[in-house]
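Chain by chain, the residues:
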Amino acid sequence: MAATLIDGRAVARDVKERIAVKTAEMIAWGITPHLAVVLVGENPASQVYVRNKENACIKAGIRSTVIRLDEDCTQQTLEDTVKKLNDDESVHGILVQLPLPKHLDEASVLRLIDPDKDVDGFHAMNSGRLMNGQPAFVPCTPLGVMELLKAYDIDPNGKRAVVIGRSNIVGKPMAMLLLAANATVTICHSRTQNLAEITRDADILVAAVGRANFVKADMVKPGAAVIDVGINRVDGKLVGDVDFDAVSEVAGHITPVPGGVGQMTIAMLLCNTLDAAAKRGR
Ligand code: NAD
């Protein structure tokens, strides 16, 4: 394997340790950072994510509250819950765990979250601020990718970056962050023609597609930093969007799955919660 492995576990551990120190300082000033998570229904994956978030908060000293609503709860009940959290002075960050059961309107709920407590960064106010280059809460996964690049001294300034995927949660904010870091950015998606021609130009290639082993070695520029956001389950095993073994022979840096980007998402959620608390404490 020629590529340097980007160790998401180690970087996430460092970030969490820094957060724990800052949280202790804030508590000493009389502010206890507090994240409230709303979980609707019994989706097993969501239950695991929420438990992991809760545990990470507790470890860092951040107060965590999980509000559990029944699978068949009404839109009104969910919206009232969010409004109550908006009004609760002790709550700094609010997160509604997605996906919601089908009968609920996700977009309306996300719109209701106070943008200053929107630690997932999904509110249009925060995506607008990111677009305008203003301080914003940024979705945790792309924020985590930027932290990984920084940890391995991969400076996007002047580089060509290609992002595969244009979702509001990963692809678009990822592109905006790379642009803000002075990369020349191309966003590719399901309708992109001659994808490999474009990706072969990338010094930094981010894959956020959701298809196992989608990025092949012949799509990668020798020496490129390849960041694999994808999480796919194949025969019960977690794999990314990148054909890891083959691409490792070509890339300069590569993130594994698991143990790469996924590790960073919760770490950045803690960062956003701390920022939200610090902003309100001022
Ligand atoms: P999504 O389904 O919303 O978006 C996928 C994107 O891939 C779309 O924009 C689509 O245009 C693009 N795409 C699909 N087929 C393509 C093709 N043939 N060529 C080029 N582009 C194509 O998914 P998402 O929410 O952005 O997530 C992407 C992946 O990242 C998923 O595997 C998801 O599980 C994973 N993810 C991981 C984390 C994490 O913490 N590591 C967080 C969020 C998402």
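Computed from a prediction, not measured in an experiment: that's the story for all the values here.

Rules of the game
Residues numbered from 1 in each chain as written. Predicted model: local features only at pLDDT ≥ 70, side-chain atom pairs only at ≥ 80, totals over all residues. Heavy atoms only, no water. Domains from an automatic or database assignment. Near = heavy atom within 4 Å. Polar contact = N/O pair within 3.5 Å; in protein donor to acceptor, adjacent residues only side chain to side chain. Areas by Shrake-Rupley, 256 points an atom, 1.4 Å probe, with all protein chains shown as cover. Helix = DSSP H or I, 4+ residues; strand = E, 2+ residues; numbered from the N terminus. Nonpolar A, V, L, I, M, F, W, Y, C, P; charged D, E, K, R; others polar. Core = buried A, V, L, I, M, F, W, Y, C linked by side-chain atoms within 4.5 Å. Buried < 20%, exposed > 50% of the residue type's maximum accessible area, 1.4 Å probe, protein only. Contact = heavy atoms within 4.5 Å. Pairing = 2+ DSSP bridges. Axes fitted to C-alpha atoms, helices over the stretch in contact; angles between N-to-C directions.

1. Considering the domain arrangement of the chain
Inference 1: Considered domain by domain, the chain is made up of domain 1 (31-115) and domain 2 (139-262).
Inference 2: The C-alpha centroid of domain 2 is placed 29 Å from the C-alpha centroid of domain 1.

2. Quick notes on the site of the ligand
Inference 1: Around the ligand, 20 residues are found, and the nearest of them are Arg166, Ser167, Ser190, Ile231 and Thr265.
Inference 2: Between the ligand and Arg166 there is a distance of 2.8 Å, counted from an oxygen atom to a backbone nitrogen or oxygen.
Inference 3: A distance of 2.7 Å separates an oxygen atom of the ligand from a polar side-chain atom of Thr265.
Inference 4: Computed on the free molecule, the ligand has an accessible area of 850 Å², of which 72% lies beneath the protein chains in the complex.
Inference 5: Among the elements that make up the shell around the ligand, the one with the highest residue count is helix H10 (residues 261-281) (three residues).
Inference 6: Across the shell around the ligand, the residue classes break down as eight nonpolar, 10 polar and two charged.

3. What about the nonpolar core?
Inference 1: Core analysis: the largest hydrophobic core is formed by 54 residues, its most contacted members being Ile19, Leu149, Leu178 and Val206.
Inference 2: In terms of residue count, H10 provides more of this core than any other element does, 11 residues in total.
Inference 3: Residue assignment places this core across two domains, with domain 1 (31-115) and domain 2 (139-262) each supplying three or more.
Inference 4: Once you skip the residues sitting within four places of it in the chain, Val206 turns out to touch Val162, Val163, Ile164, Met174, Leu178, Ile227 and Val229.

4. What about the sheet that holds strand S2 (residues 34-40)?
Inference 1: The strand order across the open sheet formed by three strands is S3-S2-S4, and the pairing between neighbours is parallel. Of all the strands in the sheet, just strand S3 (63-69) and strand S4 (93-96) have a single pairing partner and so form its edges. Recorded for the sheet is a direction-independent mean angle of 15 degrees between the axes of neighbouring strands.

5. Some thoughts on the environment of His189
Inference 1: With respect to the element layout, His189 can be found in the loop between strand S6 (184-188) and helix H8 (195-199).
Inference 2: The exposure class of His189 is partly exposed, given its relative accessible area of 26%.
Inference 3: Separated by 19 residues in the primary sequence, His189 and Ala208 have C-alpha atoms spaced 9.5 Å apart.

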